[in-house]
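What follows is each chain in one-letter form.
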Amino acid sequence: MSIIQEIREAIENGRPRETEKLVRQAIGEGISPPEILEEAMTPAMRNAGKAFQDRDGDIPRILTAARSMRKGLDILEPYMDKELKEPIATVVVGAVKGDLHDVGKNLVAIMLRSAGFKVIDLGVDVSEREFLQAVRKNPEVSLVCISSLLTTCAPEMRHVVKTLRENKETAHIRIMVGGGSVTQEMADEMGADAYTETAVDAAEVAKTFFV
């Protein structure tokens, strides 16, 4: 088995320490960080996310896979900074106020980072004001990703989208929404630029805004 395959399996099976060790080994063997990311880590996280979406995976498994991915990215980032160009774009990510669920939001942040975006992660329970402040403090932001798992938080998501749309400083920014409580119909009604059903798809859709 190649080391690329070993890294992929370590992430999919949620083994952070093994992932860290294998990524270091791959770099030592002369495999480029972009190749490690594109051939091993990103596909592994996509598979883990798909298994979770298809209900073949459970929450602890997806969490350990995400932790493994993060460990690998921590090793790669110093090398990637030297090899890669400027980030594709800067993205603000957060779960709306009232929602404390972070699994999907964390996956989105990981997939965006691995795709070459700079991510400002606001965490969970993020108010409309906090989203607005984050964009004001970081004028390079060109995309905001808003998530919500709870149906009771749908009104708050609508409020955030409306606020970003109506404020002159943020009206130009693209908005993506997602989460268990969100549908394409809701996204259209809110006025979001895009909706993704899974975290795995989020980075691919985000890239379409900047091609």
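Okay, so let's go over this structure. (Residues numbered from 1 in each chain as written. Predicted model: local features only at pLDDT ≥ 70, side-chain atom pairs only at ≥ 80, totals over all residues. Heavy atoms only, no water.)

Summing up its helical and strand segments, the protein chain has 9 helices and 5 strands in all. Traced from its N-terminal end to its C-terminal end, the protein chain shows the element sequence α-α-α-α-β-α-β-α-β-α-β-α-β-α. Computed over the C-alpha atoms, the radius of gyration of the protein chain is 17 Å, within 12% of the 17 Å expected from 2.2 N^0.38 for a compact globule of 211 residues. Considering only C-alpha atoms, the protein chain reaches an extent of 50 × 35 × 25 Å along its principal axes. Counting only residues that meet the buried cut, the protein chain has 49% of its 211 residues in that class. (Helix = DSSP H or I, 4+ residues; strand = E, 2+ residues; numbered from the N terminus. Rg over C-alpha atoms; globule rule 2.2 N^0.38 Å. Buried < 20%, exposed > 50% of the residue type's maximum accessible area, 1.4 Å probe, protein only.)

Before going further, it helps to spend a moment on the nonpolar core. Counting residues in each nonpolar core, the largest one holds 45 residues, and the members touching the most others are Ile7, Ile36, Met41, Met45 and Leu112. The set of elements that each furnish at least two residues to this core consists of α1 (3–12), α2 (16–28), α3 (33–53), α4 (59–83), β1 (90–95), α5 (103–114), β3 (141–147) and α9 (199–208). Excluding anything up to four places from it in sequence, Met41 contacts Ile7, Ile11, Val23, Ile36, Met69, Gly72, Leu73 and Leu76. Judged by nonpolar contacts, the second largest core, of 26 residues, contains Val92, Ile120, Val177 and Met190. (Core = buried A, V, L, I, M, F, W, Y, C linked by side-chain atoms within 4.5 Å. Contact = heavy atoms within 4.5 Å.)

As a further point, take the sheet that holds strand β5 (residues 194–196). Spatially, β2-β1-β3-β4-β5 is the arrangement adopted by the 5 strands of the open sheet, whose pairing is parallel. The sheet is open, and its two borders are formed by β2 (118–121) and β5, each paired with just one other strand. Direction aside, the axes of adjacent strands within the sheet are offset by 25° on average. Contacts between α5 and the sheet are confined to β1, β2 and β3, with β2 contributing the most and set at about 160° to the helix. (Pairing = 2+ DSSP bridges. Axes fitted to C-alpha atoms, helices over the stretch in contact; angles between N-to-C directions.)

Let's shift gears to α1. Those residues of α1 that fall on the buried side of the exposure criterion are Ile3, Ile4, Ile7, Ala10, Ile11 and Glu12. Directly beyond the C-terminal end of α1, a positive phi value near 65° is found at Gly14.

Of all 7 residues that make up β3, 6 are buried, and the element is covered over most of its length. As judged from the 6 bridges shared by β1 and β3, these two strands associate in the parallel manner. Note that in β3 the partner of Ala95 across the bridge is Ser147. Across 5 bridges, β3 lies against strand β4 (residues 174–178) in parallel orientation. Across the sheet, the residue bridging to Cys145 is Met176, located in β4.

Within the secondary structure layout, Thr90 lies in strand β1. For Thr90, a relative accessible area of 6% gives the class buried. The contacts of Thr90, once residues within four sequence positions are left out, are Lys118, Ile120, Glu140, Val141, Ser142 and Leu143.

So, to be careful, I would describe these as geometric facts and stop short of saying anything about function.
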